[in-house]
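Residues per chain are reported as follows:
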Amino acid sequence: MQKKVRIILIFALMLSVASLSVLAVTWRLAEDQPAGYPTTMADQFFANIVREMTNGKINIKVYYGGQLGSETQTVQQTMAGIIQLNRVNAAPMASFVPELGVLSLPYIFSSSEQEWKVLYGPVGKKLLEDMKSAGLMGLTYFDSGQRSFFTRKTPILKPSDLKGLKVRVQKAPVFVEMVKDMGGSPVPMAYGEVFTALQTGVIDGAENNIPSYYTMSFYQVAPYYSYDGHSRVPEILFMNLNAWNSLTPEEKEIFKTAAMAASLYERQLWNEKVQQDLAKLKKAGVHFYYPTPEDIALFQKAVEPVYAKYSQFKDIINEIRNTK
């Protein structure tokens, strides 16, 4: 009898452990920005809400600073289910979900207000759903501000200033094509390699937003920042589709609620950081330049061929441009 009791107790214990393993999971979220950056803080905000609203059933650990690899590498890992969640800029995502390339088209958004009407509206929601074709589930967008050029030796005020310059771009076709059409030589390169490449002269310049420019200390080796504002490419928070499908309907609603809250939180953090970093950059002696409206028109004209290469998405492009 005692032997039978021990067997039953052991079996019950095994069932209990198995039950706990099903009830409590720890998922990984990849982030290439450092701690304290708006997207990293929003990732953690999202993770905290999910943990609290699922009563600790789903714990999300944020791996910031590129610990799990470059953006392209982590996207591949997320598709394979090695990583459950990820935050990546929309530009490199276009290699996996072509429709997302429209979000990187130069000058497609006329203002921040128009951008968020698009992203929170039907077009933005559809693009998140389109990620299912790559085995991913889009959750929401984070702000990434305006991207502009910064260089080592001379400012960029018009397209002709890019002639002969090697400019780092993300590993996304639309950015490669954009710089080519403007007259420069695009150099696709991982984010973590940019500072050294600028420092050693491997590249002459790059393009990014103000917080990235400050946080990664690019201003120390490329002190000329030109506000051409060629793109407003959002960040995307997404997850592995199988992981998404493993959630209950209630848990899916929790993830959607947490994602929207994180998006609004990140946008607030972003605006605050832009102002803080601008003040620090000015104090550090960065040279800021502002192309005239006439010069901006030259940039817009120069990149018209890029749109021709995305003609298959003309309906989405027109819908974005017609959003007021």
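In the block above lies the structure referred to throughout.
Residues numbered from 1 in each chain as written. Predicted model: local features only at pLDDT ≥ 70, side-chain atom pairs only at ≥ 80, totals over all residues. Heavy atoms only, no water.

Some words on the overall build of the chain
Consideration 1: Counting secondary structure elements, the chain contains 14 helices and eleven strands.
Consideration 2: Summarising its shape, the C-alpha atoms of the chain cover approximately 90 × 40 × 30 Å along the three principal directions.
Consideration 3: Within the chain, buried positions represent 53% of all 324 residues.
Consideration 4: Residue pairs at least 24 apart in sequence account for 76% of intrachain contacts in the chain once pairs closer than 6 positions are excluded.
Consideration 5: For the chain, the computed accessible surface area is about 14700 Å², with 56% contributed by carbon and sulfur atoms.
Consideration 6: Treating the 34 positive side-chain charges of the chain as one cloud and the 30 negative ones as another, the clouds have centres 6 Å apart. (Helix = DSSP H or I, 4+ residues; strand = E, 2+ residues; numbered from the N terminus. Buried < 20%, exposed > 50% of the residue type's maximum accessible area, 1.4 Å probe, protein only. Contact = heavy atoms within 4.5 Å. Areas by Shrake-Rupley, 256 points an atom, 1.4 Å probe, with all protein chains shown as cover. Lys, Arg positive; Asp, Glu negative; His and termini not counted. Charge placed at Lys NZ, Arg CZ, Asp CG, Glu CD.)

Focus: the sheet that holds strand E10 (residues 235-240)
Consideration 1: Pairing is mixed across the open sheet formed by five strands, whose spatial order is E2-E1-E3-E10-E4. Each edge of the open sheet carries a strand with a single partner, namely strand E2 (58-63) and strand E4 (136-142). Strand-to-strand twist in this sheet, taken as the mean axis angle between neighbours without regard to direction, amounts to 25°.
Consideration 2: Two elements, E4 and E10, share six bridges in a ladder whose sense is antiparallel. For leucine 136, the partnering residue across the bridge sits in E10 and is asparagine 240. (Pairing = 2+ DSSP bridges. Axes fitted to C-alpha atoms, helices over the stretch in contact; angles between N-to-C directions.)

Structural notes on the packing of aromatic side chains
Consideration 1: Throughout the structure, instances matching the rule amount to 17 aromatic pairs.
Consideration 2: Considering the side-chain rings of tyrosine 227 and tyrosine 290, the 5.1 Å spacing of their centres and the 10° angle between planes classify their relative orientation as stacked. Taken together, the residues tyrosine 227 in strand E9 (residues 224-231) and tyrosine 290 in the loop between strand E11 (287-289) and helix H12 (293-302) connect sequence positions 63 residues apart.
Consideration 3: Given the relative accessible area of 22%, tyrosine 227 is considered partly exposed.
Consideration 4: Accessibility expressed as a relative area gives 54% for tyrosine 290, which makes it exposed.
Consideration 5: In this structure an aromatic cluster arises from ring pairing among Phe150, Tyr191, Tyr213, Tyr214, Phe218, Tyr219, Tyr225, Tyr227, Phe288 and Tyr290.
Consideration 6: Positioned over the ring face of tyrosine 63 is lysine 61, at 5.3 Å from the centre of the ring.
Consideration 7: When the ring centre of tryptophan 116 is taken as reference, the NZ or CZ atom of arginine 267 above it lies at 4.2 Å. (Phe/Tyr/Trp six-rings, centres within 6.5 Å; stacked < 30°, edge-to-face > 60°. Lys NZ or Arg CZ within 6 Å of the ring centre and 35° of its normal.)

Details of the pattern of salt bridges
Think of it this way: side chains of opposite charge can pair up when their charged atoms draw near.
Consideration 1: Scanning the entire structure with this criterion turns up twelve salt bridges.
Consideration 2: A salt bridge links arginine 87 to glutamate 71, with the nearest nitrogen and oxygen atoms 3.8 Å apart. In this pair, arginine 87 sits in strand E3 (residues 85-89) while glutamate 71 sits in helix H3 (residues 71-80), placing the two residues 16 residues apart along the sequence. Neither arginine 87 nor glutamate 71 differs from the other in exposure class; each is buried.
Consideration 3: With a closest N to O distance of 3.8 Å, aspartate 161 and lysine 158 form a salt bridge.
Consideration 4: A relative accessible area of 23% places aspartate 161 in the partly exposed class. (Salt bridge = Lys/Arg side-chain N within 4 Å of Asp/Glu carboxyl O.)

Details of the environment of tyrosine 307
Consideration 1: Topologically, tyrosine 307 is positioned in helix H13 (residues 304-308).
Consideration 2: Its relative accessible area of 13% is what places tyrosine 307 among the buried residues.
Consideration 3: Sequence spacing of tyrosine 307 and leucine 162 is 145 residues, and the spatial spacing of their C-alpha atoms is 20 Å.

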